[in-house]
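Structural description and commentary
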Amino acid sequence: MNLKIKNFKEIKGTVKAPSSKSYSHRAVILASLSEGKSKLFDVLYSEDVLSTIRACQALGAKIDKKKEIILKGDKSQTMSYLELEGTGGKLHNTSQDMIDLRNSGTTLRIMTSLAALSDNEVIFTGDDSLKTRPMGALLDALESLGVKIESLNDNNKAPLKIYPGYAGGEADILGSISSQFISSILISAPLSEKGVELEVYPEFVSKPYVDMTISILEKFGIAIEEERYQFHETCKKEHTECLGVKFNIKPQKYIASDYIVEGDYSSASYLLAAVAIAGGELRVQNLFSDSKQGDKFILDILDEMGADIITFDDYLTIKSDGKLKGIDVNLANAPDLLVTVAILGAVAEGKTTITGVKHGRLKETDRIDTTCRELEKLDCKLEEFEDGMTIYGQTISDGIVESHGDHRLAMAFSLLGLKHDVEVENGECFDVSFPNFIELMDEIGIELELK
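I will try to describe carefully the structure that is included in this document. Predicted, not measured: the structure shown is a model, and the values here were computed from it. (Residues numbered from 1 in each chain as written. Predicted model: local features only at pLDDT ≥ 70, side-chain atom pairs only at ≥ 80, totals over all residues. Heavy atoms only, no water.)

**Side note on the overall build of the chain**
Rule in force here: The numbering of helices and of strands both runs from the N terminus, where a helix is a DSSP run of H or I of at least 4 residues and a strand a run of E of at least 2. For a compact globule the rule gives 2.2 Å times the number of residues to the power 0.38, and the radius of gyration it is set against comes from C-alpha atoms. Under the scheme applied here, a residue whose accessible area is under 20% of the maximum for its type counts as buried, over 50% as exposed, and between as partly exposed, the area being computed with a 1.4 Å probe on protein chains only. We get accessible surface area from the Shrake-Rupley algorithm with a probe of 1.4 Å; when it comes to residues, only the shown protein chains can shield them. The charge count treats Lys and Arg as positive and Asp and Glu as negative. His and the chain ends do not count. Taken as the charge location is NZ of Lys, CZ of Arg, CG of Asp or CD of Glu.
Counting its secondary structure elements, the chain contains 12 helices and 24 strands. Over its C-alpha trace the chain gives a radius of gyration of 22 Å, about what one expects of a compact globule, namely 22 Å for 451 residues. Expressed as lengths along the three principal axes of its C-alpha atoms, the size of the chain is roughly 65 × 55 × 45 Å. Every one of the 451 residues in the chain was classed for burial, and the buried ones make up 59%. Per element, the accessible surface of the chain, about 18,400 Å² overall, is 44% carbon and sulfur. Distance between charge centres in the chain, computed from 50 positive and 73 negative side chains, equals 3 Å.

Laid out in structure tokens, this is it:
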């Protein structure tokens, strides 16, 4: 189905940001590992998170949607939440078949480590796209920790067969490939036999995602020691590329916790970018100023491009006249903003150069390549390089582009419809991370259609 902006009016009002996909994944997984019952509020029920829920259920967690009536004075309010009865870290694969994770790379990467804690074998598979996602660095690190994993196609990719057993010990991993590999080990390590010492070699990209993992681990009773060190002893300056990180995780138990999932800066970036492009004024709730999400960087980007943003404790306001200017930006710690920033650059005056996102080539698609190829369909002048691109703004025309089944391409490219007649083929894939994308865009005055 094709996604297209049908009509839009003055953008204004108040909207609640969708819940964080990253925190939703992690909250479901940690609650599933805990002793006792947890209540999770504001979980994002996207396709990716549903894959995580099904995988946790297959490994023994009991998960149910519940409702609770809360009295406030003479008024009552019904709150929905996800109730999870955890496994206490004692996993058992109840599935007779392969566990299908569909398109969720986060689920595959985090659950691969955890599956070694099961008392029987686990096989993870997924759709054609998921089967292209490289897993070699994680598999090598886990092998050092006594985990046996077999790639059934012998290519270090899914389907993966994980055997019981997680001794722990020492391992190292490159920080330049995927922060999810590191999060995977940090989450599983407390339940290993002897704990884990994990050394992450520079350059450490997407570090905020690991910080997110550590922050939510603390909520469920897990303590992690972190030490930074100078990787190149002869380097007298603390260059990012010379800094390594050592994590020490002792054997521990997860403790059930009630947890509220905060708003998602990644998904909110499309709402904020829409205001910046079309002009208008918007208040976005459920975005916390002290959030550890790396994609909070979108606020700095939009500010530098010309939008006016004011942040408060748990919401922000954005105002724009629709006149943006190109910038130079390094997205090493916020790779999921790549396509959104590329679209902002395409409608801005001047040129926008994006660097630091070589790891963006390892997402649902090679996002550097797919973004450039689709922009070229619209006659956009650009230059592509290994870790990013330069986009010459205001050189695009009307046309049809393809999402390649990538939710971030679908949503970001649809925003071009605010300036041009652009539609996105296979645009329905936005439900991977933002199932109510069309409804929230409508709330702010933008009418989207799928046809």
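**Brief notes about the sheet that holds strand 15 (residues 280–285)**
Rules: Two strands pair if DSSP finds at least two bridges between them. Here, axes are lines fitted to C-alpha atoms. For helices the fit covers the stretch in contact, and angles between N-to-C directions go from 0 to 180 degrees. Contact criterion: two residues are considered in contact whenever any of their non-hydrogen atoms come within 4.5 Å of each other.
Spatially, the four strands line up as an open sheet ordered 2-15-17-16, and their pairing is mixed. Both outer strands of the open sheet, strand 2 (14–16) and strand 16 (308–311), are each paired with one neighbouring strand and no more. Here the average twist between neighbouring strands, direction ignored, is 20°. The strands touched by helix 7 (residues 265–278) within the sheet are strand 2, strand 15 and strand 17 (315–320), with strand 17 carrying the most contacts at an inclination of about 25°. Running at roughly 145° to strand 16, helix 8 (residues 298–305) makes contact with strand 16 and strand 17 of the sheet.

**Quick notes on the pattern of salt bridges**
Threshold: Any Lys or Arg side-chain nitrogen located within 4 Å of an Asp or Glu carboxyl oxygen qualifies as a salt bridge.
This model, assessed by the stated rule, comprises 21 salt bridges. Here Glu374 ties to Lys377 by a salt bridge, and the two come within 3.0 Å at their closest N and O atoms. Here Glu374 pairs with Lys377, and both are found in helix 10 (residues 367–377), just three residues apart, close to one helical turn. Here Glu374 falls in the buried class, since its relative accessible area comes to 1%.

**Regarding the pairing of strand 19 (residues 351–355)**
Of the pairings in the sheet, the one linking strand 18 (residues 328–330) to strand 19 comprises three bridges and is parallel in character. Counted as the bridge partner of Val329 is Ile354 from strand 19. Across four bridges, the pairing between strand 19 and strand 21 (residues 388–392) is antiparallel. Of the residues in strand 21, the one forming a bridge with Thr352 is Ile391.

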